[in-house]
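Observations on chain architecture
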Amino acid sequence: MKVVSKVSEEKVDHAVQILPRREAVTLALLAGPAISLFVPAVAQATPKRTKVAKIDPSLYREIPGTDPPIMYYDLKGSAGTEGGVKKGQRAAVHFDVKWKGLTVATSRQGMGVTGGVPYGFEVGIDPGNPGGPFIKAFNEGVAGMQVGTVRTMIVPPEYAYGSRGVQEIPPNATLQVDLELLSIKKDNVFG
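This report concerns the structure included in the present document. (Residues numbered from 1 in each chain as written. Predicted model: local features only at pLDDT ≥ 70, side-chain atom pairs only at ≥ 80, totals over all residues. Heavy atoms only, no water.)

**Some points on the side chain of Thr-149**
You can see Thr-149 is positioned in the loop between α3 (136-141) and β6 (150-155). Of note is the side chain of Thr-149, whose polar atom sits 2.9 Å from the backbone oxygen of Gln-146. (Helix = DSSP H or I, 4+ residues; strand = E, 2+ residues; numbered from the N terminus. Polar contact = N/O pair within 3.5 Å; in protein donor to acceptor, adjacent residues only side chain to side chain.)

Laid out in C-alpha cells, this is it:
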C-alpha cells in the first residue's frame, strides 16, 4: 500500500533544511555545553560533614589514671569518668581517628543509609588480643560514658600506636580520637 502525502513539495522544502556536515558538527559541539547548563546536578548520597568548631584546650579534662594523661571533652552528653561502661562489658562505638586533622580510621565508612558499621570490643582486654580494641585509648576513653555520649580525646602515643608507625600515622604521634557510645552489652559476649 502506498501512502501519498497531501503536503505540497513547496511546504516540505521550507519545513526541512539540510545542513552541510561541517555546520552540523559545529552546531552539535556548541549546543552540548549550552544544554548541560540546564541539566540539574546529580544528588549527593551523603550530606557534607560540617566542620566542628575548635574546642578551647582549657575545656579538656584528664582521664584519671592515665599517664601521660588522655585529655577528653564530651561533645554530647556529660558523662564524666565515673560509672558507665565497666571492665568485662562489650561496647559498640562509632569512632574517628585523626592525625593532624586528617581522618585516618573511621567506623563511619560508607555512612549513606546504614550509618557505617559500629566497632565492638570488650572493655579491659589489651589491644591486639581477640575481642579487644585496636588501641589502648578505647579502653580508657569509654570510662564513664553513657549510651549516646560523644567524646573527643587527645591521645598521647602511649595509648595509641606508640613507637611504631601505622599507615599514614608516624611513630610517636599524638592523635585525636572521637568516640560515640552506641550500646553496652552487660553480659559476657559468649554467655
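**Some details on the packing of aromatic side chains**
Summed over the entire model, instances satisfying the criterion amount to nine aromatic pairs. Ring centres 5.4 Å apart and planes at 75° place the aromatic pair Tyr-119 and Phe-134 in the edge-to-face group. Of this pair, Tyr-119 sits in strand β5 (residues 119-122) while Phe-134 is found in the loop between β5 and α3, placing the two residues 15 residues apart along the sequence. Taken together, the ring pairs connect Phe-95, Tyr-119, Phe-121, Phe-134 and Phe-138 into an aromatic cluster. For Arg-151, the ring lying beneath its charged end belongs to Tyr-72, and the centroid distance is 4.3 Å. (Phe/Tyr/Trp six-rings, centres within 6.5 Å; stacked < 30°, edge-to-face > 60°. Lys NZ or Arg CZ within 6 Å of the ring centre and 35° of its normal.)

**Points about the nonpolar core**
In this structure, Phe-138, Val-177 and Leu-179 are the most contacted members of the largest nonpolar core, which totals 28 residues. For this core, the secondary structure elements donating two or more residues are β3 (90-99), β5, α3, β6 and β7 (175-185). Filtering out sequence-adjacent residues up to four positions away, Leu-179 remains in contact with Val-93, His-94, Phe-95, Phe-138, Gly-141, Val-142, Met-145, Thr-149, Val-150, Arg-151 and Met-153. (Core = buried A, V, L, I, M, F, W, Y, C linked by side-chain atoms within 4.5 Å. Buried < 20%, exposed > 50% of the residue type's maximum accessible area, 1.4 Å probe, protein only. Contact = heavy atoms within 4.5 Å.)

**Section: the layout of surface pockets**
In this model, the second largest pocket occupies a volume close to 230 Å³. Lys-87, Val-123, Asn-139, Glu-140 and Ala-143 are the residues nearest the centre of the second largest pocket, which is lined by 15 residues in total. Residue classes in the lining of the second largest pocket are distributed as four nonpolar, five polar and six charged. (1 Å grid on protein atoms, 1.4 Å probe; cavity = no way out; pocket = protein on both sides within 12 Å on 5 of 7 lines; lining within 4 Å. Points joined across faces, edges and corners; volume = space filled by probe spheres on them. Nonpolar A, V, L, I, M, F, W, Y, C, P; charged D, E, K, R; others polar.)

**Structural notes on the environment of Ala-91**
Within the secondary structure, Ala-91 is located in strand β3. Put simply, Ala-91 and Lys-185 are 94 residues apart on the chain and 6.4 Å apart in space, counted from C-alpha to C-alpha. Apart from the residues lying within four places of it in its own chain, the contact partners of Ala-91 are Val-85, Tyr-119, Gly-120, Phe-121, Val-123, Leu-181 and Ser-183.

**Let's talk about the environment of Pro-69**
Inspection of the secondary structure assignment puts Pro-69 in the loop between β1 (61-62) and β2 (71-76). What Pro-69 contacts, discounting residues up to four positions off in sequence, is Glu-62, Ile-154 and Pro-156.

**Here we look at the pattern of salt bridges**
Tallied over the full model, the rule gives four salt bridges. Across the pair Arg-151 and Asp-74 runs a salt bridge, and its minimum N-O distance is 2.7 Å. Of this pair, Arg-151 sits in strand β6 while Asp-74 sits in strand β2; the two residues are 77 residues apart in sequence, bridging distant segments of the chain. Take Arg-151 and Asp-74: they sit in the same class, and that class is buried. Salt-bridge contacts for Asp-96 lead to Arg-108; the nearest nitrogen and oxygen are separated by 3.3 Å. Here Arg-108 lies in the loop between β4 (102-106) and β5 and Asp-96 lies in strand β3, a separation of twelve residues in the sequence. (Salt bridge = Lys/Arg side-chain N within 4 Å of Asp/Glu carboxyl O.)

**Quick word on unusual backbone geometry**
Looking along the chain, the bond that leaves Asp-67 and enters Pro-68 is cis, with omega of 0°. Note on placement: Pro-68 falls in the loop between β1 and β2. You will see that Gln-167, though not glycine, has its phi angle at about 50°, which is positive. For Gln-167, the location among the structural elements is in the loop between β6 and β7.

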